[in-house]
Amino acid sequence: MKDKKNRLVVLGGGESGYGAAVLGRKLGMEVLLSDSGTLKEPYRSLLVQEGIPFEEGGHTPEKILDADLVVKSPGIPETAPLVVALRDKGVEVISEIEFAGRHTDARMICITGSNGKTTTTSLIYHILRQAGRDVGLAGNIGHSLALQVARDPKPCYVIELSSFQLDGMYRFKADVAVLMNITPDHLDRYDHKMQNYVESKFRIIRNQTASDVFIYWDGDPVIKAEFPRHDIKARLLPFDADTLPVLPKEDIPIKGLHNLFNALAATLACRAVGLTDEEIAAGIRTFKAVPHRLEFIREKDGVRWINDSKATNVASTYYALEAMDRPTVLILGGTDKGNDYSEILPFVKEKVRHIVCMGVDNAKIVKFFSGHVEGIIDTHSLAEAVECCRRVARPGETVLLSPCCASFDLFKNYEQRGDLFREAVTNL
């Protein structure tokens, strides 16, 4: 099914924007890609090579407002003046996932949640690949869905969806929808209203029918409280701590209660698309942990160093601390998103001996945890934080980078934060 709309403007020139532009060109649309900053490589060179018009360093309003359809980067908020102007004019503004979904009949396995979605998405993809299924990986990880639909179409895609991506989806339908959990996150994007964020996450079941599947954590009170607000037509497949995995817990290579839940959700999703328990178990056994999520780096002088840079909210750090089996030196800090640290306080009291803060402004963390741990050290660079951890950590302890916060005060993203931490620890 093709849209009749011919003039396509793509806002944002990253992976998703480039993919949307390529798909638009393949569909015969008149395409313009517009980026307010400088286009990064390889996307700039690829656009030049393929003859796709673009502008960078700012948007030309008259060109953008003349569009029939706009595909917007998930990083651009609805409150951006140009988006408001497009909406006021009646121009349809959608996400790259929505755009790609309109031009494929592939089966969609979609995963969202405040925590665990990357590991669960990667695990589902790995299990399916190990079982010989022809699948693509897209969304927050993998390549652009639009680019794959244009260049290398698959019969099935496994897609990690953020709330920002879900916000731009309207006709898209997940054949298998997985909702891991909902805890406060990105509230600065949702007028600091938890209900707005919850409703965004529940868009994953939008357009589902009785032939589709909705997998969710049965123990999440936020998810259960939201059920009466929705006319859920899909078949419900809940999981909880009492759900039996397809292989003994001790044989699951990714450890911790949160990873057990990830494995349970992946199991239900793979069953829903026809895999046997034997195929699922074989895939789980050979799965390796996602980088930056409880990633073991090394043990030196009796101290274990773990990179959990992907923990950008309180709940994610909660799960990391739950998995700790030794006294811990915890690195916290970054861009606070309205965090309430009381959720992790019991684990901090039980397991954390020292907190090392790493951020531009650590006053909130220092104030909250003072008196609850043996010591708190305030640092403002990764090198300083690692050196402080090396100094205070004792043999038999763990140094855990699980910041609770976004990375944008000192780093480009959580990946850079984790990569630099891994490098610094490796060089100790």
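These numbers come from a predicted model, not from an experiment.

Let's talk about empty space enclosed by the protein
Empty pockets left among the atoms are what a rolling probe the size of a water molecule brings to light.
So, step 1. The full count for this structure, using the stated rule, is three cavities of 30 Å³ or more.
So, step 2. The space that makes up the largest cavity amounts to roughly 100 Å³.
So, step 3. Residue lining of the largest cavity: 13 residues in total, with Asn115, Gly116, Asn181, His258 and Asn262 positioned closest to the centre.
So, step 4. Taken as a whole, the second largest cavity holds about 50 Å³ of empty space.
So, step 5. Surrounding the second largest cavity, Cys110, Leu161, Leu166, Met169, Tyr170, Phe172, Ala174, Arg203, Ile204 and Arg206 form its lining.

Side note on the packing of helix α11 (residues 257-272) against helix α12 (residues 277-285)
So, step 1. Between α11 and α12, the shortest axis-to-axis distance is 10 Å and the interhelical angle comes to 140 degrees. Classified by the angle between their axes, α11 and α12 sit oblique to one another. Seen along the crossing, α11 lies across α12 with a hand that is right-handed. Contacts from Ala263, Thr267, Cys270 and Arg271 of α11 reach α12 at Asp277, Ile280 and Ile284.
So, step 2. Of the residues contributing to the contact of α11 with α12, the split by class is four nonpolar, one polar and two charged.

What about the sheet that holds strand β14 (residues 328-332)?
So, step 1. Read from one edge of the open sheet, six strands run β12-β13-β17-β14-β15-β16, paired in mixed fashion. With one partner strand each, in any of the chains shown, β12 (295-300) and β16 (375-379) form the two edges of the open sheet. Within this sheet the neighbouring strands show an average axis-to-axis angle of 20 degrees, counted without direction.
So, step 2. Sheet strands in contact with helix α17 (residues 414-426) are β12, β13 (303-307), β14, β15 (352-358) and β17 (398-401), and its direction is about 20 degrees off that of β12.

Concerning the sheet that holds strand β6 (residues 107-112)
So, step 1. In space, the six strands of this open sheet follow the order β7-β8-β6-β9-β10-β11, with parallel pairing throughout. Single-partner strands in this sheet number two, and they are β7 (135-139) and β11 (235-239). Strand-to-strand twist across the sheet, computed as the mean angle between neighbouring axes with direction ignored, equals 15 degrees.
So, step 2. Of the pairings in the sheet, the one linking strand β10 (residues 213-217) to β11 comprises five bridges and is parallel in character. In the strand pairing of β11, phenylalanine 214 is matched with leucine 236.

Some details on the pairing of β7
So, step 1. Taken across its five residues, β7 has four buried, putting it largely inside the fold.
So, step 2. When β7 meets strand β8 (residues 156-160), the two strands line up parallel, connected through five bridges. Each bridged residue has a counterpart across the sheet, and for glycine 139 the counterpart in β8 is glutamate 160.
So, step 3. Taking the sense of rotation as the criterion, the β-α-β connection linking β7, helix α7 (residues 145-151) and β8 turns out right-handed.

Regarding the pattern of salt bridges
So, step 1. For the coordinates displayed, the defined rule picks out 24 salt bridges.
So, step 2. With its nearest N and O atoms 3.5 Å apart, the salt bridge here joins aspartate 152 to lysine 154.
So, step 3. Look at aspartate 152 and you get partly exposed, because its relative accessible area is 41%.
So, step 4. Under the relative-accessibility criterion, lysine 154 is labelled buried at 17%.
So, step 5. A salt bridge links aspartate 336 to lysine 364; the nearest nitrogen and oxygen atoms lie 3.3 Å apart. With aspartate 336 in the loop between β14 and α14 (345-351) and lysine 364 in helix α15 (residues 363-369), the pair connects residues that are 28 residues apart, well separated along the chain.
So, step 6. For lysine 364, a relative accessible area of 40% corresponds to the partly exposed category.
So, step 7. Taken together, the shared-partner salt bridges in this structure form one network comprising Arg353, Glu374, Arg394 and Glu397.

Notes on unusual backbone geometry
So, step 1. Cis geometry is found at the peptide bond from glutamate 41 to proline 42, where omega equals 10 degrees.
So, step 2. Relative to the helices and strands, proline 42 is located in the loop between β2 (30-35) and α2 (43-50).
So, step 3. Backbone geometry places leucine 294, a non-glycine residue, at a positive phi of 50 degrees.
So, step 4. Secondary-structure assignment places leucine 294 in the loop between α12 and β12.

So, the layout of surface pockets
So, step 1. Computed from the structure, the second largest pocket encloses a volume of approximately 370 Å³.
So, step 2. Taken together, 19 residues make up the lining of the second largest pocket; nearest its centre are Lys255, Leu294, Ile306, Ala323 and Met324.
So, step 3. For the lining of the second largest pocket, the secondary-structure elements that each account for two or more residues are α11, β12 and β13.
So, step 4. Partitioning the lining of the second largest pocket into residue classes produces nine nonpolar, five polar and five charged.

Each value, and the rule that gives it
Residues numbered from 1 in each chain as written. Predicted model: local features only at pLDDT ≥ 70, side-chain atom pairs only at ≥ 80, totals over all residues. Heavy atoms only, no water. 1 Å grid on protein atoms, 1.4 Å probe; cavity = no way out; pocket = protein on both sides within 12 Å on 5 of 7 lines; lining within 4 Å. Points joined across faces, edges and corners; volume = space filled by probe spheres on them. Axes fitted to C-alpha atoms, helices over the stretch in contact; angles between N-to-C directions. Helix = DSSP H or I, 4+ residues; strand = E, 2+ residues; numbered from the N terminus. Parallel < 35°, antiparallel > 145°, perpendicular 65-115°, else oblique. Left-handed = near helix turned anticlockwise from the far one by under 90°. Contact = heavy atoms within 4.5 Å. Nonpolar A, V, L, I, M, F, W, Y, C, P; charged D, E, K, R; others polar. Pairing = 2+ DSSP bridges. Buried < 20%, exposed > 50% of the residue type's maximum accessible area, 1.4 Å probe, protein only. Right-handed = clockwise from strand over helix to strand, strands pointing away. Salt bridge = Lys/Arg side-chain N within 4 Å of Asp/Glu carboxyl O.

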